[in-house]
Amino acid sequence: MADYDDNKIDTPFTLFNNETGKSFEIPVIKGTDGPDVLDIRKLYQDTGLFTYDPGFTSTASCDSSITYIDGKNGILRHRGYDINDLASKSDFLEVCYLLLHGDLPSSEDKRKFNEVISTHTMLHEQLVNLYRGFRRDAHPMAIMVGVVGALSAFYHDSTDFSDINQRMIACHRLIAKIPTIGAMAYKYSVGQPFVYPKNNLSYAENFLYMTFSVPTENFEISPKIVKAMDRFFILHADHEQNASTSTVRLAGSSGANPFACIAAGIASLWGPAHGGANEAVIKMLEEIGSVENIPIYIKKAKDNEDPFRLMGFGHRVYKNYDPRASVMKESAHEVLKELNKLDDPLFQLALELEKIALNDNYFIEKKLFPNVDFYSGIILKALGFPTSMFTVLFAIGRTVGWISQWKEMIEDPINKIGRPRQLYKGHNSREYQLESTREKKSIFKWLWK
Ligand code: ACO
């Protein structure tokens, strides 16, 4: 994979320095699909220059064979398979197998994989006790970061990533335990007893069972709702080198254990510009309140002086309709129909908001379309999840992507510790003057008055 000799190397780019009259050739590497890349690995060594790319808008940080996105045409493929095919023909564990191993499983592989995952769904009982150390009103994502990080203190036999067997056990444990961890975070916040996993249920049904069942009553759920949950996980399974995945890779590049790396990914996902956006969409729709108020919020979103943005709109990579958003919209329709809630005011408001934004010049010119989060919150709310759980559900679906990307990185022969450089804009060297600095500059003056 990392052996570029197999890839056709095009005519190199030439950098010419007018001042020194020297030139430098930059090789171009071709991928299987998508833009070619300039190989700048020797740039600093040969020219003394760094590249400058805040937010990594033009930087490929690794090579990968897992996920391909064509943002201009709204295409998303995992291991070559279109997301629409996977969402309509596969189940989540099949997609997990595909991401981890590179191919769809045979029926025997699938049976074995399901069996392995279902035998790892329980948590160490001491880990269950850890929940009781959190405040009841803790955000479930805070609990997720803590409990997933703590897995490394419990499963010592799968933290040596140089051993292929330990690597695979860690992958299986994370995929299997993450729904249990998420469901327990919910149960803790509502003060209900933890519900232990039931391994005869499917992945999605087991999660819904651990989240919504109570020991006093029978638990029954419509297969359509289970399917919607499963599809939600598929649509979130992986998304190339986004912020949380890059966080997992960067943490893992130092040799950190996989549980710690996934905890870092969960922390990154929490932000409202990333996984927290589905929670923010519902808050925004509730704030807008009714169709008549939409123009006020569209105006706010377009105002550069106003920090308000239309949540669930826009994407760093998609400059077209996010293909996951169209499946999610369809799924929202199916779920609300199943629950007899098609007239749900938030859904109606979202449909209208989408229509107005898509016909507005600002959104057209900037190529801002609904992303995966725009309709997902509506589905989750209808299923009975509180908004604070939305990002947890995203994390459950994304865990397989994170761990597959981590595994790919560990197995890459050119795996190097991630260490970006910077454009320094601070002080030049200055004389050490403690007293005068304190008097003139201290921002803490008011503290020690
Ligand atoms: N509403 C209004 N204006 C927007 C929006 C939005 N949702 N998104 C982008 N813009 C504008 C920006 O203000 C900027 O305008 P300018 O050129 O006049 O400065 C222009 O469009 C380009 O936006 P950037 O912020 O430069 O785009 P970037 O790729 O950095 O950001 C992001 C992408 C963070 C997703 C952004 O579109 C956003 O904040 N959207 C809302 C939050 C959201 O839905 N996040 C979920 C992303 S999907 C995911 O993580 C699963």
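Residues numbered from 1 in each chain as written. Predicted model: local features only at pLDDT ≥ 70, side-chain atom pairs only at ≥ 80, totals over all residues. Heavy atoms only, no water.

J.: When you look at the overall build of the protein in this model, what are you seeing that I'm missing?
T.: When you go through the protein residue by residue, the secondary structure sums to 19 helices and six strands. For the protein, the C-alpha radius of gyration of 24 Å lies close to 22 Å, the compact-globule estimate for 449 residues. Taken along the three principal axes of its C-alpha coordinates, the protein extends 80 × 55 × 55 Å. When contacts within the protein are restricted to residue pairs at least 6 apart in sequence, long-range pairs at least 24 apart make up 70% of them. Carbon and sulfur atoms make up 52% of the accessible area of the protein, which amounts to about 23,800 Å² in all. Distance between charge centres in the protein, computed from 51 positive and 56 negative side chains, equals 5 Å. (Helix = DSSP H or I, 4+ residues; strand = E, 2+ residues; numbered from the N terminus. Rg over C-alpha atoms; globule rule 2.2 N^0.38 Å. Contact = heavy atoms within 4.5 Å. Areas by Shrake-Rupley, 256 points an atom, 1.4 Å probe, with all protein chains shown as cover. Lys, Arg positive; Asp, Glu negative; His and termini not counted. Charge placed at Lys NZ, Arg CZ, Asp CG, Glu CD.)

J.: Sorry, what's going on with the environment of Arg 316 here?
T.: Here Arg 316 is to be found in the loop between helix 13 (294-302) and helix 14 (323-338). Expressed as a C-alpha distance, the spacing of Arg 316 and Thr 57, which sit 259 residues apart in the sequence, is 8.0 Å. Non-local contacts of Arg 316, meaning those with residues more than four positions away in its chain, are made with Gly 55 and Thr 57. At 2.9 Å, the side chain of Arg 316 and the backbone oxygen of Gly 55 are in polar contact. (Polar contact = N/O pair within 3.5 Å; in protein donor to acceptor, adjacent residues only side chain to side chain.)

J.: For this particular structure, what's the right way to read the pattern of salt bridges?
T.: A side chain with one charge may pair with a side chain of the opposite charge, provided their charged atoms come close. Considering all chains together, one arrives at 21 salt bridges under this definition. For Lys 329, the salt bridge goes to Glu 354, with nearest N and O atoms at 3.2 Å. With a gap of 25 residues between them, Lys 329 in helix 14 and Glu 354 in helix 15 (residues 345-358) connect regions that are remote in the sequence. Glu 411 is the partner of Lys 407 in a salt bridge, and the nearest nitrogen-oxygen pair spans 3.5 Å. Within this pair, Lys 407 and its partner Glu 411 are both found in helix 18 (residues 390-411), separated by four residues, close to a single helical turn. Judged by relative accessible area, Lys 407 falls into the buried class, the value being 10%. A single network of salt bridges, built from pairs that share partners, joins Asp 91, Glu 94 and Lys 110. (Salt bridge = Lys/Arg side-chain N within 4 Å of Asp/Glu carboxyl O. Buried < 20%, exposed > 50% of the residue type's maximum accessible area, 1.4 Å probe, protein only.)

J.: Where do I start with the site of the ligand in this structure?
T.: As a matter of local geometry, the ligand sits amid 20 residues, with Arg 309, Leu 310, Gly 312, Phe 313 and Arg 316 nearest to it. Contact between the ligand and Arg 309: an oxygen atom at 2.8 Å from a side-chain N or O atom of the residue. A distance of 2.8 Å separates an oxygen atom of the ligand from a polar side-chain atom of Arg 316. Protein chains shield 74% of the accessible area of the ligand, which is 920 Å² for the free molecule. (Near = heavy atom within 4 Å.)

J.: Hey, could you run me through the sheet that holds strand 6 (residues 81-82) in this one?
T.: What the three strands build is an open sheet, ordered 4-5-6; its pairing is antiparallel. Of all strands in the sheet, those with a lone pairing partner are strand 4 (67-70) and strand 6, marking the two edges. (Pairing = 2+ DSSP bridges.)

J.: Explanation requested: the packing of helix 6 (residues 140-150) against helix 11 (residues 258-269) in the structure shown.
T.: Helix-helix packing is characterised by the crossing angle of the two axes and by the distance between the axes. In contact at an axis separation of 8 Å, helix 6 and helix 11 are set at 170° when each is read in the N-to-C sense. Relative to helix 11, the element helix 6 is oriented roughly antiparallel. Seen from above, helix 6 lies across helix 11 with left-handed handedness. For the pair helix 6 and helix 11, the contacting residues are Met 141, Met 144, Val 145, Val 148 and Gly 149 in the first and Phe 259, Ile 262, Ala 263, Ile 266, Ala 267 and Leu 269 in the second. Residues that form the contact of helix 6 with helix 11 fall into these classes: 10 nonpolar, one polar and no charged. (Axes fitted to C-alpha atoms, helices over the stretch in contact; angles between N-to-C directions. Parallel < 35°, antiparallel > 145°, perpendicular 65-115°, else oblique. Left-handed = near helix turned anticlockwise from the far one by under 90°. Nonpolar A, V, L, I, M, F, W, Y, C, P; charged D, E, K, R; others polar.)

J.: Honestly, helix 4 (residues 107-118) in this entry has me stumped. Any pointers?
T.: Owing to its 3.6 residues per turn, the α-helix aligns residues three or four sequence positions apart on the same side. Over its 12 residues, helix 4 extends 16 Å from the first C-alpha to the last, a length consistent with the 16 Å expected when each residue adds 1.5 Å. Inspection of helix 4 places Phe 113, Ile 117 and Ser 118 among the buried residues, and these make up the whole buried set. The arc enclosing the buried residues of helix 4, seen along the axis, measures out at 125°, which places them on a common side. Contacts made by the buried residues of helix 4 are with helix 3 (92-101), helix 7 (164-190) and helix 8 (203-212). (Expected span 1.5 Å × (residues − 1). Arc of directions from axis to C-beta.)

J.: Please explain unusual backbone geometry as it appears in this structure.
T.: Among all residues except glycine, the phi angle is most often negative; among peptide bonds, the trans geometry is most common. Of note, the phi angle at Arg 79 is positive, near 50°, even though the residue is not glycine. Within the secondary structure layout, Arg 79 lies in the loop between strand 5 (75-78) and strand 6. Even without a glycine there, the phi angle at Glu 240 is positive, about 60°.

J.: Where do I start with the side chain of Asp 238 in this structure?
T.: Inspection of the secondary structure assignment puts Asp 238 in the loop between helix 9 (223-235) and helix 10 (243-253). The side chain of Asp 238 is buried and forms no salt bridge, while Arg 398, the nearest opposite charge, is found at 5.0 Å. In terms of polar contacts, Asp 238 uses its side chain to reach the side chain of Thr 67, at 2.5 Å. Look past the residues within four positions of Asp 238 in its chain and what remains in contact with it is Ile 66, Thr 67, His 78, Leu 99, Arg 398, Gly 401, Trp 402 and Gln 405.

J.: What am I meant to see in the nonpolar core here?
T.: Generally speaking, a soluble globular protein has its nonpolar side chains buried in company with each other. Formed by 116 residues in total, the largest nonpolar core has its most connected members in Tyr 131, Ile 175, Met 229, Phe 233, Leu 310 and Phe 385. Per-element accounting of this core gives the leading share, 13 residues, to helix 7. When sequence neighbours within four positions are dropped, the list of residues in contact with Ile 175 reads Leu 93, Cys 96, Leu 100, Phe 113, Ile 117, Tyr 203, Thr 399, Val 400 and Ile 403. (Core = buried A, V, L, I, M, F, W, Y, C linked by side-chain atoms within 4.5 Å.)

J.: Just checking my understanding: could you explain the packing of aromatic side chains for this structure?
T.: The description of two aromatic rings rests on the distance between their centres and on the angle between their planes. Per the stated rule, a full pass over the model turns up 19 aromatic pairs. For the pair Phe 92 and Phe 233, a centre-to-centre distance of 5.5 Å together with 50° between the ring planes defines the contact as tilted. Note that Phe 92 is positioned in helix 3 and Phe 233 in helix 9, a separation of 141 residues in sequence. Assigned by exposure class, Phe 92 and Phe 233 land together as buried. Between the aromatic rings of Phe 207 and Phe 385, the centroid separation amounts to 6.0 Å while the plane-to-plane angle is 10°, which identifies the pairing as stacked. With Phe 207 in helix 8 and Phe 385 in the loop between helix 17 (373-383) and helix 18, this residue pair connects regions lying 178 residues apart in the sequence. Judged by relative accessible area, which is 0%, Phe 207 ranks as buried. When its relative accessible area of 3% is taken as the criterion, Phe 385 is described as buried. Aromatic rings pair up to connect Phe 92, Tyr 186, Tyr 203, Phe 207, Phe 212, Phe 232, Phe 233 and Phe 385 into one cluster. (Phe/Tyr/Trp six-rings, centres within 6.5 Å; stacked < 30°, edge-to-face > 60°.)

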